[in-house]
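# A structural walkthrough
Listed below are the residues making up each chain.
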Amino acid sequence: MQPRSRVQIPDQTVLVARAAFPNGSVAISARDHLGEVFTDEQFAAAFGVRGAPAESPGALALVTALQFAENLTDRQAARMVARAIDWKYALGLELTDPGFDASVLSKFRTRLVEHGLEEQVFTAMLTVSTGKGLIAAGGKQRTDSTHVISAVRDLNRLEVAGESVRACLETLPVAAPDWLATAIDVGEWAHR
């Protein structure tokens, strides 16, 4: 890897992105507020000095953050790098840059974990975000997943109850058709 310092955004990319997004976007805000968070130097331990040149790890970290923010798969994020003007702005790419293959993101995350750099990336982003007032203290923090497990349990119980009622209502016309005809309007029953 040959580390590159903060990359200037090409003039044409700036011009087109500002015209296309006059009110900004998540990617443009990410570059404007968090652009200096991810530098290639902080990932040097995870990349060798020999072999084919790698994509910029700083750029891949920013792509990963944008991917999370917009809830995208690796393939969708790679497509955004190739075609979205605001993402090209965020990464400092020329408008004609073709992007990269989606598998690069998975390999990048694997390298981060293998070299213990995932915490460093999170801490760097958190520090800059807090310093710029983008994140404030005072929110409710959960330290375990019991609330998630509880919500899933409640949904599971509700689904089991609903399925039990449905099964009972489907069996009732077969088991007691005469009683059902006197107790319930069969035409309305069939419609529902």
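Rules used in this analysis
- Residues numbered from 1 in each chain as written.
- Predicted model: local features only at pLDDT ≥ 70, side-chain atom pairs only at ≥ 80, totals over all residues.
- Heavy atoms only, no water.
- pLDDT = per-residue confidence, 0-100.
- Helix = DSSP H or I, 4+ residues; strand = E, 2+ residues; numbered from the N terminus.
- Buried < 20%, exposed > 50% of the residue type's maximum accessible area, 1.4 Å probe, protein only.
- Lys, Arg positive; Asp, Glu negative; His and termini not counted.
- Salt bridge = Lys/Arg side-chain N within 4 Å of Asp/Glu carboxyl O.
- Contact = heavy atoms within 4.5 Å.
- 1 Å grid on protein atoms, 1.4 Å probe; cavity = no way out; pocket = protein on both sides within 12 Å on 5 of 7 lines; lining within 4 Å.
- Points joined across faces, edges and corners; volume = space filled by probe spheres on them.
- Nonpolar A, V, L, I, M, F, W, Y, C, P; charged D, E, K, R; others polar.

Glancing now at the confidence of the model for the protein. Summarising the model, the protein shows a mean pLDDT of 79, and 78% of its residues fall at 70 or more. Per-element confidence in the protein ranges from a low mean pLDDT of 70 for helix H10 (residues 186-191) to a high of 93 for helix H1 (residues 11-20).

Once that is clear, we can look at the side chain of aspartate 86. As for its placement among the helices and strands, aspartate 86 is situated in helix H5 (residues 85-91). In this structure, aspartate 86 is buried with no salt-bridge partner, the nearest side chain bearing the opposite charge being arginine 83 at 9.1 Å. With residues up to four places along the chain from it excluded, the contact list for aspartate 86 reads Phe21, Ser25, Ala27 and Ile28.

Right, let's get into the pattern of salt bridges. This model, assessed by the stated rule, comprises four salt bridges. The partner of arginine 18 in a salt bridge is aspartate 32, with the nearest N and O atoms 3.2 Å apart. Of this pair, arginine 18 sits in helix H1 while aspartate 32 is found in helix H2 (residues 26-34), placing the two residues 14 residues apart along the sequence. A salt bridge links glutamate 170 to arginine 166; the shortest N-O distance between them is 2.9 Å. Here glutamate 170 pairs with arginine 166, and both are found in helix H8 (residues 146-175), just four residues apart, close to one helical turn. The structure contains a network of salt bridges with shared partners spanning Glu163, Arg166 and Glu170.

With that out of the way, let us pick up the layout of surface pockets. Put simply, the largest pocket is a space of about 420 Å³. As for the largest pocket, its lining consists of 20 residues, of which Ala61, Thr64, Ala65, Phe68 and Met125 are closest to the centre. For the lining of the largest pocket, the secondary structure elements donating two or more residues are H2, helix H3 (57-69), helix H6 (103-114) and helix H7 (118-131). Broken down by element, the lining of the largest pocket gets its largest block of residues, seven residues, from H3. Classifying every residue of the lining of the largest pocket gives 16 nonpolar, two polar and two charged.

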